[in-house]
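For reference, the chains in residue letters:
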Amino acid sequence: KTDITDKGLDDKLDEIRDNIDIILHMAAFLSSGNDILDWSHNINVNIIGTHKLLKWAARKKVGAFYFISSYIHLNPKFQPFSLSSDFMPASPYALSKLANELEIIDICKSNKIRYAIFRLPSIYGPHHVRHWTVLPCMIRSAFLNKIIAVFGEGSRTMNFVHSNDVYSAISKAAEKDATGIFHVG
């Protein structure tokens with residue numbers, strides 16, 4: 001067991017067997033604001049951590065590198081999103097997701113590693129661990145006959161994807177040896 005920010009990460013990864021078919025990288029730090037600590041932690045966990053994992057994947061010549069990303073760095077004015085949507089990262093987390101995507105494409109192409117980047121909206125489903133996110137909070141309030149809080153004017157929309165659909169997208173990409181960026185949800 002290790003953490004993507006561990007100083008001894010390279011040594012721990014080198015203990016893993018060769019001939020790895022797919023790395024599924026889901027680790028990320030989701031910041032709650034724009035303060036300097038969030039920037040530092042995002043850089044350390046999301047950008048440097050992913051960079052270390054990519055370097056290791058290239059050294060080990062893994063078959064594929066799959067990355068869970070987000071719609072968060074795309075311009076929200078132009079929905080539905082497409083692969084040609086403009087970038088508009090508005091937080092340290094969003095910027096880190098964009099940086100990760102660009103590095104994954106570059107390193108994987110130059111090392112002949114298949115890659116799949118899955119851009120997801122907010123995920124919901126069984127065992128949802130972020131009970132403080134909007135959908136679980138609204139559902140809980142509805143079940144308890146409490147007021148469902150809406151902030152602002154109520155005009156903002158959000159997209160959601162069920163965890164089973166995420167699993168299906170990843171499985172299909174693996175079955176078909178797919179490479180590229182995939183919007184899921």
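Quick caveat: nothing in here was measured; it's all calculated off a predicted structure.

Engineer: So what exactly am I meant to see when it comes to the overall build of the chain here?
Structural biologist: The number of helices and strands found in the chain is 5 helices and 6 strands. Taking all 185 residues of the chain together, the buried fraction comes to 38%.

Engineer: Please explain the side chain of lysine 97 as it appears in this structure.
Structural biologist: Mapped onto the elements of the fold, lysine 97 is located in helix H3 (residues 92-110). There is no salt bridge for the buried lysine 97, and the closest opposite charge comes from glutamate 101, which lies 7.6 Å off by N-O distance. Among all residues touching lysine 97, those that are not within four sequence positions of it are Ala28, Phe67, Ile68, Ser69 and His73.

Engineer: Can you help me understand helix H4 (residues 134-143) in this one?
Structural biologist: Residues three or four positions apart in an α-helix share a direction because the helix packs 3.6 residues into each turn. Here H4 has its buried residues at Leu135, Pro136 and Ser141. At its buried positions, H4 is contacted by strand E4 (122-124) and strand E5 (160-162).

Engineer: Please explain the pattern of salt bridges as it appears in this structure.
Structural biologist: If charged atoms from side chains of opposite charge come close, those side chains can pair. For the structure on display, the rule yields 2 salt bridges. A salt bridge links arginine 119 to glutamate 101, with the nearest nitrogen and oxygen atoms 2.6 Å apart. Of the two residues, arginine 119 sits in strand E3 (residues 114-120) while glutamate 101 sits in helix H3, which places them 18 residues apart along the sequence. As far as the burial class goes, arginine 119 and glutamate 101 line up, both buried. Between aspartate 177 and arginine 114 there is a salt bridge, and its shortest N-O distance comes to 3.5 Å. Note that aspartate 177 is positioned in the loop between helix H5 (163-175) and strand E6 (180-183) and arginine 114 in strand E3, a separation of 63 residues in sequence. Classification of aspartate 177 as partly exposed rests on a relative accessible area of 46%. A residue is classified by how much of its surface remains accessible, and arginine 114, at 23% relative accessible area, is partly exposed.

Engineer: Sorry, what's going on with the environment of histidine 51 here?
Structural biologist: Counting through the fold element by element, histidine 51 comes out in helix H2 (residues 36-60). Placed 53 residues apart in sequence, histidine 51 and isoleucine 104 show a C-alpha to C-alpha distance of 8.4 Å. Within polar-contact distance, the side chain of histidine 51 engages the side chain of glutamate 103 at 2.3 Å.

Engineer: In this structure, what is going on with H3? I would like to understand it.
Structural biologist: The terminal C-alpha atoms of H3, which comprises 19 residues, lie 27 Å apart, in line with the 27 Å expected from a rise of 1.5 Å per residue. Following H3 by one or two positions, lysine 112 adopts a phi angle in the positive range, close to 55°.

Engineer: Is there a simple way to think about unusual backbone geometry in this case?
Structural biologist: A negative phi angle is the norm for most residues apart from glycine, just as the trans form is the norm for most peptide bonds. Here the phi dihedral of lysine 112 falls at roughly 55°; this positive angle occurs in a residue that is not glycine. Classification of lysine 112 as exposed rests on a relative accessible area of 78%. The phi dihedral of aspartate 177 falls on the positive side, at around 50°, and the residue is not glycine.

Engineer: Sorry, what's going on with the nonpolar core here?
Structural biologist: For soluble globular proteins, nonpolar side chains are generally found buried alongside one another. Ile23, Trp56, Val62, Phe65, Ile104 and Cys108 are the most contacted members of the largest nonpolar core, which totals 21 residues. Broken down by element, this core gets its largest block of residues, 6 residues, from H2. With near-sequence residues (within four places) excluded, tryptophan 56 lies in contact with Leu13, Asp14, Ile16, Ile20, Ile23 and Val62. Among the nonpolar cores identified, the runner-up in size contains 13 residues, and Tyr66, Ala116, Val161 and Ala173 belong to it.

Engineer: Sorry if this is basic, but what is going on with a nonpolar patch on the surface here?
Structural biologist: Taken together, the side chains of Ile22, Leu24 and Met26 present a nonpolar region at the surface, about 260 Å² in accessible area. Tracing the backbone through its elements, the reader meets methionine 26 in the loop between strand E1 (22-25) and H2.

Engineer: Can you walk me through the pairing of E3 in this structure?
Structural biologist: Residues in a regular strand project their side chains so that they alternate between the two faces of the sheet. With respect to burial, E3 is a largely interior element, 6 of its 7 residues being buried. Strand direction decides the pairing type here: strand E2 (residues 64-70) and E3, joined by 7 bridges, are parallel. Looking at the pairing, alanine 64 lines up with arginine 114 of E3. As defined by bridge partners, E3 adjoins E6 across 4 bridges and the pair is classed as parallel. Each bridged residue has a counterpart across the sheet, and for arginine 119 the counterpart in E6 is histidine 183.

Thresholds applied
- Residues numbered from 1 in each chain as written.
- Predicted model: local features only at pLDDT ≥ 70, side-chain atom pairs only at ≥ 80, totals over all residues.
- Heavy atoms only, no water.
- Helix = DSSP H or I, 4+ residues; strand = E, 2+ residues; numbered from the N terminus.
- Buried < 20%, exposed > 50% of the residue type's maximum accessible area, 1.4 Å probe, protein only.
- Lys, Arg positive; Asp, Glu negative; His and termini not counted.
- Salt bridge = Lys/Arg side-chain N within 4 Å of Asp/Glu carboxyl O.
- Contact = heavy atoms within 4.5 Å.
- Polar contact = N/O pair within 3.5 Å; in protein donor to acceptor, adjacent residues only side chain to side chain.
- Expected span 1.5 Å × (residues − 1).
- Core = buried A, V, L, I, M, F, W, Y, C linked by side-chain atoms within 4.5 Å.
- Patch = residues over 30% accessible without salt bridge, like charges linked within 9 Å, V, L, I, M, F, W, Y side chains within 5 Å.
- Areas by Shrake-Rupley, 256 points an atom, 1.4 Å probe, with all protein chains shown as cover.
- Pairing = 2+ DSSP bridges.

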